Structures are given as structure tokens and as C-alpha cells.
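Each chain is listed here by its residues.
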Amino acid sequence: MEKSSVGFLIPFYFFLLGLIILFSLILLFQGIAGVGKEDNLTNTLFVTSGIMGLIVTFYMIRRYQVGVQKILKSRRMTVVTVEECLKCNYKNVRPFREGDFVYGQGEECPKCSKDPEKSSESRMLITAIYLDRGTQEEKP
Ligand SMILES: [Zn+2]
């Protein structure tokens with residue numbers, strides 16, 4: 001129940017931010033268009049509040065991004081690499097390391113590397129790299 005209400009609130013939040021941006025821009029252009037005319041105080045006020053509105057909106061977007069990053073961290077999302085041995089079909093799932101790419105070379109196959117004749121060609125093939133939410137378990 002709570003999750004669905006949050007899902008509804010996020011588009012509303014951005015709709016609100018969009019309105020503030022629009023309103024700030026109108027104020028800003030009204031102020032700039034009026035520069036040089038008699039009522040300078042109102043123009044300065046328009047420009048200032050327009051700029052303030054834009055700063056506040058960007059600050060809010062930035063805060064939202066930081067919040068999303070915190071949620072991702074708290075859910076312990078990790079990138080995992082799936083390696084498969086083409087000879088014995090052994091499959092291994094391990095945390096992603098820099099330099100991993102799909103169809104690249106993975107670690108040595110623990111089964112085939114025991115065989116001294118094959119040991120030079122016992123590297124597994126990386127077949128998948130994906131984001132793991134940390135909820136599902138690989139082992140049966
Ligand atoms: Zn193998």
C-alpha cells in the first residue's frame with residue numbers, strides 16, 4: 001500500500017518542480033523585459049525571485065538524486081558477472097570487477113583447471129553482466 005502511494009507521488013513531485021521552473025522563468029523574463037522602464041524595483045524583484053526559484057528547483061532535483069542513490073545503496077544492489085565454461089558447462093556468478101565485459105574472458109574454470117592437459121585453455125566465458133537486487137538467491 002505504501003509503495004503504490006510513493007509511486008504516485010514521484011510524478012507529482014516532478015510536475016510540481018516543472019511548475020516552479022515555468023513560474024520562475026516567467027518571472028525572470030518579465031523582469032528582464034521590463035528593465036529600463038520606470039518601475040525598476042519590481043523588475044529587480046521579478047528577476048531575483050525568478051533566479052531564486054530556479055536555484056531552489058535545481059537544489060530539489062539534486063536532493064532527489066542523492067535520495068535515489070541512498071535507496072540503491074540501502075537495497076544493496078550490486079552488479080554481478082556470470083561466467084560459463086564452454087567445455088563442462090560449469091556456471092559461476094561473482095561480483096562484477098573492472099574490465100569485465102560480455103563475451104570477454106573470465107576466471108579459470110575450477111573443474112577444467114584441475115586437468116593439467118587443458119589448464120592452458122580453461123578460462124570461462126563471460127555470458128552476462130546484470131544488476132542484482134540482492135533479494136533472489138542463486139543457490140537452490
Ligand atoms: Zn570447465
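Residues numbered from 1 in each chain as written. Predicted model: local features only at pLDDT ≥ 70, side-chain atom pairs only at ≥ 80, totals over all residues. Heavy atoms only, no water.

(A) Layout of the confidence of the model for the chain. Residues at a pLDDT of 70 or more form 84% of the chain, whose mean pLDDT is 82. For the chain, per-element mean pLDDT is lowest for helix α1 (residues 2-33), which scores 80, and highest for strand β2 (residues 91-95), which scores 94. (pLDDT = per-residue confidence, 0-100. Helix = DSSP H or I, 4+ residues; strand = E, 2+ residues; numbered from the N terminus.)

(B) A look at the side chain of D100. Relative to the assigned elements, D100 resides in the loop between β2 and β3 (105-108). Of the polar contacts made by the side chain of D100, one reaches the side chain of T81; its length is 3.0 Å. A polar atom in the side chain of D100 sits 2.9 Å from the side chain of R94. For D100, the contacting residues outside a window of four places in its chain are T81, R94, I126 and I129. (Polar contact = N/O pair within 3.5 Å; in protein donor to acceptor, adjacent residues only side chain to side chain. Contact = heavy atoms within 4.5 Å.)

(C) Molecular detail of the sheet that holds β2. Read from one edge of the open sheet, four strands run β2-β1-β4-β3, paired in antiparallel fashion. The sheet is open, and its two edges are formed by β2 and β3, each paired on a single side. Going across the sheet, the axis of each strand differs from the next one's by a mean of 40°, ignoring polarity. Across seven bridges, the pairing between strand β1 (residues 78-84) and strand β4 (residues 123-132) is antiparallel. Bridged to V79 within β4 is L131. (Pairing = 2+ DSSP bridges. Axes fitted to C-alpha atoms, helices over the stretch in contact; angles between N-to-C directions.)

(D) Spotlight on the pattern of salt bridges. Applying the stated criterion across every chain yields a total of four salt bridges. Residue E83 is joined to R94 by a salt bridge in which the shortest nitrogen-to-oxygen separation is 2.9 Å. Here R94 lies in strand β2 and E83 lies in strand β1, a separation of 11 residues in the sequence. Each member of the pair E83 and R94 is classed as buried. Among the ionic pairs, D100 bridges to R94, the shortest N-O distance being 2.9 Å. The structure contains a network of salt bridges with shared partners spanning E83, R94, R97, D100 and E107. (Salt bridge = Lys/Arg side-chain N within 4 Å of Asp/Glu carboxyl O. Buried < 20%, exposed > 50% of the residue type's maximum accessible area, 1.4 Å probe, protein only.)

(E) Seen up close, the coordination of the zinc ion. For the zinc ion, the full set of protein donor atoms is C85 (SG), C88 (SG), C109 (SG) and C112 (SG), at a range of 2.2 to 2.3 Å. Considering all four donor atoms around the zinc ion, the spread of angles at the metal, 104 to 115°, places the coordination shape in the tetrahedral class. Linear spacing of the donor residues for the zinc ion on their chain is C-x2-C-x20-C-x2-C. Residue C85 is located in the loop between β1 and β2, and its partner C112 is located in the loop between β3 and β4; the two are separated by 27 residues in the primary sequence. Residue classification places C112 among the buried positions, given a relative accessible area of 6%. (Donors = N, O, S within 2.8 Å, 3.2 Å for Na, K, Ca; no water. Tetrahedral: all angles 85-135°; square planar, octahedral: opposite > 155°, others 65-115°.)

(F) A look at the side chain of S122. Position of S122 among the secondary structure elements: in the loop between β3 and β4. Contacts of S122, omitting those with residues within four sequence positions, involve K87, E107, E108, C109, C112 and S113.

(G) Representation of the packing of aromatic side chains. Enumeration over the complete set of coordinates arrives at three aromatic pairs. Between the aromatic rings of Y13 and F14, the centroid separation amounts to 5.8 Å while the plane-to-plane angle is 85°, which identifies the pairing as edge-to-face. Members of the aromatic cluster, each reached through a chain of ring pairs, are Y13, F14 and Y64. (Phe/Tyr/Trp six-rings, centres within 6.5 Å; stacked < 30°, edge-to-face > 60°.)

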